[in-house]
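Observations on the three-dimensional arrangement
One-letter residues, chain by chain:
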Amino acid sequence: MFGAATKVLSKFQQWMPSMPITLVSATSATGGKPATASFRVLPKMTKHEVREYLTKIYGLPVGKVHTINYMGKRKRAVGRHNIIYYKYRDFKKAIVTFDPTLTDVGRGVSLEGDSSEE
């Protein structure tokens, strides 16, 4: 009875907010260009998941999302008696273009006790 329904439901991905997103760079909006930011995300995250993550958790107005897959760099370490091959992790880079309503991406946070503002 539940076999067909379980197969259909298992095809849908579960969206979990535990997926890490790391900000790589951000640019504020200029005269003709909207604000953009690039993030390093997990390779299994889709464009839709990146958009949902930024809008629901951070409340950012996302316009477009472009993704680029990167293969991890392969390395070789030569030792005295053997050669060791290894590779860095694969990752995905998401370039997010925000709506024109967002003009300043606001880099950095000032702390209350910070004396550098004076």
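Read on for a plain summary of the structure. (Residues numbered from 1 in each chain as written. Predicted model: local features only at pLDDT ≥ 70, side-chain atom pairs only at ≥ 80, totals over all residues. Heavy atoms only, no water.)

1. Notes on the sheet that holds strand β6 (residues 91-98)
Strand order in the open sheet formed by 4 strands is β1-β2-β6-β3, and the pairing between neighbours is antiparallel. Each edge of the sheet is formed by a strand with only one pairing partner; in this case those strands are β1 (22-27) and β3 (62-70). For this sheet, the mean inter-axis angle between neighbouring strands, taken without regard to orientation, is 20°. For β1 and strand β2 (residues 36-41), the ladder comprises 5 bridges, and the chain directions are antiparallel. Bridge pairing in β2 links Leu23 to Phe39. (Pairing = 2+ DSSP bridges. Helix = DSSP H or I, 4+ residues; strand = E, 2+ residues; numbered from the N terminus. Axes fitted to C-alpha atoms, helices over the stretch in contact; angles between N-to-C directions.)

2. A short note on the pairing of β2
Pairing between β2 and β6: 6 bridges, direction antiparallel. Paired with Val41 across the bridge in β6 is Lys92.

3. Re the side chain of Lys92
Considering the arrangement of structural elements, one finds Lys92 in strand β6. Lacking a salt bridge, the buried Lys92 has Glu49 as its closest oppositely charged neighbour, with an N-O distance of 7.5 Å. Polar contacts involving the side chain of Lys92 include one to the main-chain carbonyl oxygen of Met45, which spans 2.8 Å. Setting aside its immediate chain neighbours within four residues, Lys92 contacts Phe39, Arg40, Val41, Leu42, Pro43, Met45, Thr67, Ile68 and Asn69. (Buried < 20%, exposed > 50% of the residue type's maximum accessible area, 1.4 Å probe, protein only. Lys, Arg positive; Asp, Glu negative; His and termini not counted. Salt bridge = Lys/Arg side-chain N within 4 Å of Asp/Glu carboxyl O. Polar contact = N/O pair within 3.5 Å; in protein donor to acceptor, adjacent residues only side chain to side chain. Contact = heavy atoms within 4.5 Å.)

4. Things to note about a nonpolar patch on the surface
A grouping of Val78, Ile83 and Tyr85 is seen on the molecular surface, where their side chains present a nonpolar patch of about 350 Å² in accessible area. Here Tyr85 is to be found in strand β5 (residues 83-87). For Tyr85, a relative accessible area of 60% gives the class exposed. (Patch = residues over 30% accessible without salt bridge, like charges linked within 9 Å, V, L, I, M, F, W, Y side chains within 5 Å. Areas by Shrake-Rupley, 256 points an atom, 1.4 Å probe, with all protein chains shown as cover.)

5. Topic: helix α2 (residues 47-57)
Among the residues of α2, Glu49, Val50, Glu52, Tyr53 and Leu54 are the ones counted as buried. Lining the buried residues of α2 we find β2, β3 and β6. Once α2 finishes, Gly59 follows within two positions and takes phi at roughly 70°, a positive value.

6. Side note on the pattern of salt bridges
Summed over all chains, the structure comprises 2 salt bridges. The partner of Glu52 in a salt bridge is Lys56, with the nearest N and O atoms 3.2 Å apart. Of this pair, Glu52 and Lys56 both sit in helix α2, separated by 4 residues, roughly a single helical turn. A relative accessible area of 61% means that Lys56 is categorised as exposed. One salt bridge connects Lys87 with Asp90, and the closest N-O pair in it is separated by 2.7 Å.

Remember that the coordinates give geometry; whether it matters functionally is a separate question.
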